[in-house]
Amino acid sequence: MPDNNEKDFIAGVKNALGVSSTTARSYEEIFPNPPEEAVQHILDRVDSRNNAQQQALLNQLIEAGKSINLNVVARKDTAAVTAAITELVREKQTEWGNQKQLSVWKHPVIDPLGLPTALADQKVAVHDTAFTDSETETDGRRRIRKQIIASFIGVTSADYCVADSATLVMKTKPGQARAASLVPVIHIAVIYIDQVLASLTELYARLKDDPDYSKTGITNCLTFISGPSRTADIETVMVHGAHGPREVYLFVITGPRPENG
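Remember, predicted model here, so these are calculated numbers, not experimental data. (Residues numbered from 1 in each chain as written. Predicted model: local features only at pLDDT ≥ 70, side-chain atom pairs only at ≥ 80, totals over all residues. Heavy atoms only, no water.)

Colleague: Got a minute to help me understand the sheet that holds strand β6 (residues 167-171) in this structure?
Modeller: Either a parallel or an antiparallel arrangement is found when strands of a sheet pair, and the pairing is made through backbone hydrogen bonds. Strand order across the open sheet formed by 4 strands is β8-β5-β6-β9, with mixed pairing between neighbours. Each edge of the sheet is formed by a strand with only one pairing partner; in this case those strands are β8 (196-197) and β9 (222-225). Pairing of strand β5 (residues 160-162) with β8, which is carried by 2 bridges, proceeds in the parallel orientation. For V162, the partnering residue across the bridge sits in β8 and is L197. (Pairing = 2+ DSSP bridges. Helix = DSSP H or I, 4+ residues; strand = E, 2+ residues; numbered from the N terminus.)

This is the structure:
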């Protein structure tokens with residue numbers, strides 16, 4: 001039970017908000033849904049952006065990424081992204097062991113990259129994060145976890161990217177393990193330019209409108225990633241990679257999506 005000091009504190013907050021300190025309010029009163037008209041207005045603005053406006057958002061994302069060590073790289077199509085990732089894998093060295101391994105999402109944006117074929121001449125092992133038909137869920141999780149831990153690069157897509165804070169927004173789904181973006185030393189994400197939104201306001205409007213999100217609500221994990229892991233806990237010295245990836249690369253495909261994509 002709250003003591004008198006706690007009651008007085010809560011009453012003071014309610015009074016400051018102009019709310020009766022003695023009347024309980026419902027959840028809907030405290031967290032009202034935004035007006036449908038306002039949400040639709042935001043969605044109309046997002047959906048009506050032309051190429052120049054999308055490019056301006058991309059430029060904003062690139063600038064915002066610089067301050068948090070997020071490497072934003074624009075490429076015109078899937079083939080160009082595959083070539084860039086292949087070269088990045090060639091340049092980077094593992095921090096332990098001799099074999100380079102990647103863990104990649106099973107995802108409609110990632111699958112067309114053809115990374116297993118593209119990296120075959122480098123003898124790089126590429127593991128996807130989907131269960132096989134012949135394994136149980138427990139065995140599959142164990143295998144995927146082991147492969148992700150052994151990988152020095154994780155390759156994912158994202159649902160959206162918020163330009164003003166350079167933040168990737170990723171929902172955990174089957175075949176799209178969150179650990180692939182958190183455990184390897186390097187995280188590579190690939191999206192299309194139409195997935196770049198201006199702000200959290202646009203993001204929440206889009207999520208509210210998305211039927212897939214409406215079905216699951218907050219029952220699935222929604223991850224926000226703004227650049228590589230960093231901390232200054234020890235002697236206020238900034239260190240990257242203490243709690244997650246040391247480097248993060250975001251490849252943005254500026255050309256049109258394939259017809260079946």
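Colleague: Got a minute to help me understand the nonpolar core in this structure?
Modeller: Nonpolar side chains in soluble globular proteins generally cluster together in the buried interior. Ranked by size, the top nonpolar core spans 51 residues in total, and within it L61, I85, L102, I188, V190, L250 and F251 carry the most contacts. When neighbours within four sequence positions are excluded, F251 is seen to be in contact with V73, R75, V81, A84, I85, I188, A189, V190 and I191. In terms of nonpolar packing, the next biggest core, distinct from the first, is built from 11 residues, I42, V46, Y160 and L197 among them. (Core = buried A, V, L, I, M, F, W, Y, C linked by side-chain atoms within 4.5 Å. Buried < 20%, exposed > 50% of the residue type's maximum accessible area, 1.4 Å probe, protein only. Contact = heavy atoms within 4.5 Å.)

Colleague: Is there a simple way to think about the pattern of salt bridges in this case?
Modeller: Once their charged atoms are close, side chains differing in charge can pair, the charge on each being opposite to the other. Applying the stated rule across the entire model yields 14 salt bridges. Look at the salt bridges and you will find they share partners, linking R45, R49 and E202 into a network. (Salt bridge = Lys/Arg side-chain N within 4 Å of Asp/Glu carboxyl O.)

Colleague: Is there a simple way to think about the sheet that holds strand β4 (residues 153-156) in this case?
Modeller: Strands sit in the order β1-β12-β7-β4-β2-β3 across an open sheet of 6 strands; the sheet is parallel. In the strand order of this sheet, the two ends are held by β1 (70-75) and β3 (125-128), each with one partner. Adjacent strand axes in the sheet meet at a mean angle of 20°, parallel and antiparallel pairs treated alike. The sheet strands contacting helix α5 (residues 78-91) are β1, β2 (101-104), β4, β7 (186-192) and β12 (247-253), and the helix crosses β12 at an angle near 160°. (Axes fitted to C-alpha atoms, helices over the stretch in contact; angles between N-to-C directions.)

Colleague: I keep staring at the environment of A150 and nothing clicks. Help me out?
Modeller: You can see A150 is positioned in helix α7 (residues 137-150). As for A150 and V183, which are separated by 33 residues in sequence, their C-alpha atoms are 9.2 Å apart. Those residues within four positions of A150 in sequence are excluded, and the remaining contacts are W96 and Q101.

Colleague: I keep staring at unusual backbone geometry and nothing clicks. Help me out?
Modeller: Most of the time, phi is negative for any residue but glycine, and the peptide bond is trans. For N69, which is not glycine, the phi dihedral falls at a positive 60°. Secondary-structure assignment places N69 in the loop between α4 (51-66) and β1. On the basis of relative accessibility, which here comes to 40%, the residue N69 falls in the partly exposed class. Of note, K123 is a non-glycine position whose phi angle comes to about 55°, a positive value. As for its placement among the helices and strands, K123 is situated in the loop between α6 (115-118) and β3. The class of K123 is exposed, set by a relative accessible area of 68%.

Colleague: Any chance you could explain the side chain of S181 here in plain terms?
Modeller: Along the chain, S181 turns up in the loop between β6 and β7. A polar contact is formed between the side chain of S181 and the backbone oxygen of R178, at a distance of 2.8 Å. With near-sequence residues (within four places) excluded, S181 lies in contact with T156, M170, H187, I225 and P245. (Polar contact = N/O pair within 3.5 Å; in protein donor to acceptor, adjacent residues only side chain to side chain.)

Colleague: I would appreciate a short explanation of helix α3 (residues 36-47) in the present structure.
Modeller: The periodicity of an α-helix, 3.6 residues per turn, causes residues three or four places apart in sequence to face the same way. If you check α3, its first and last C-alpha atoms are 16 Å apart, about what 12 residues at 1.5 Å a residue would give, namely 16 Å. Turning to α3, its buried residues number three or more, namely V39, I42, L43 and V46. End-on, the buried residues of α3 take up no more than an arc of 95°, which puts them together on one face. Structural note: α3 exposes E37 and H41 on the side pointing more than 90 degrees away from its buried face. In this structure, the buried residues of α3 make contact with β8 and α8 (200-209). (Expected span 1.5 Å × (residues − 1). Arc of directions from axis to C-beta.)

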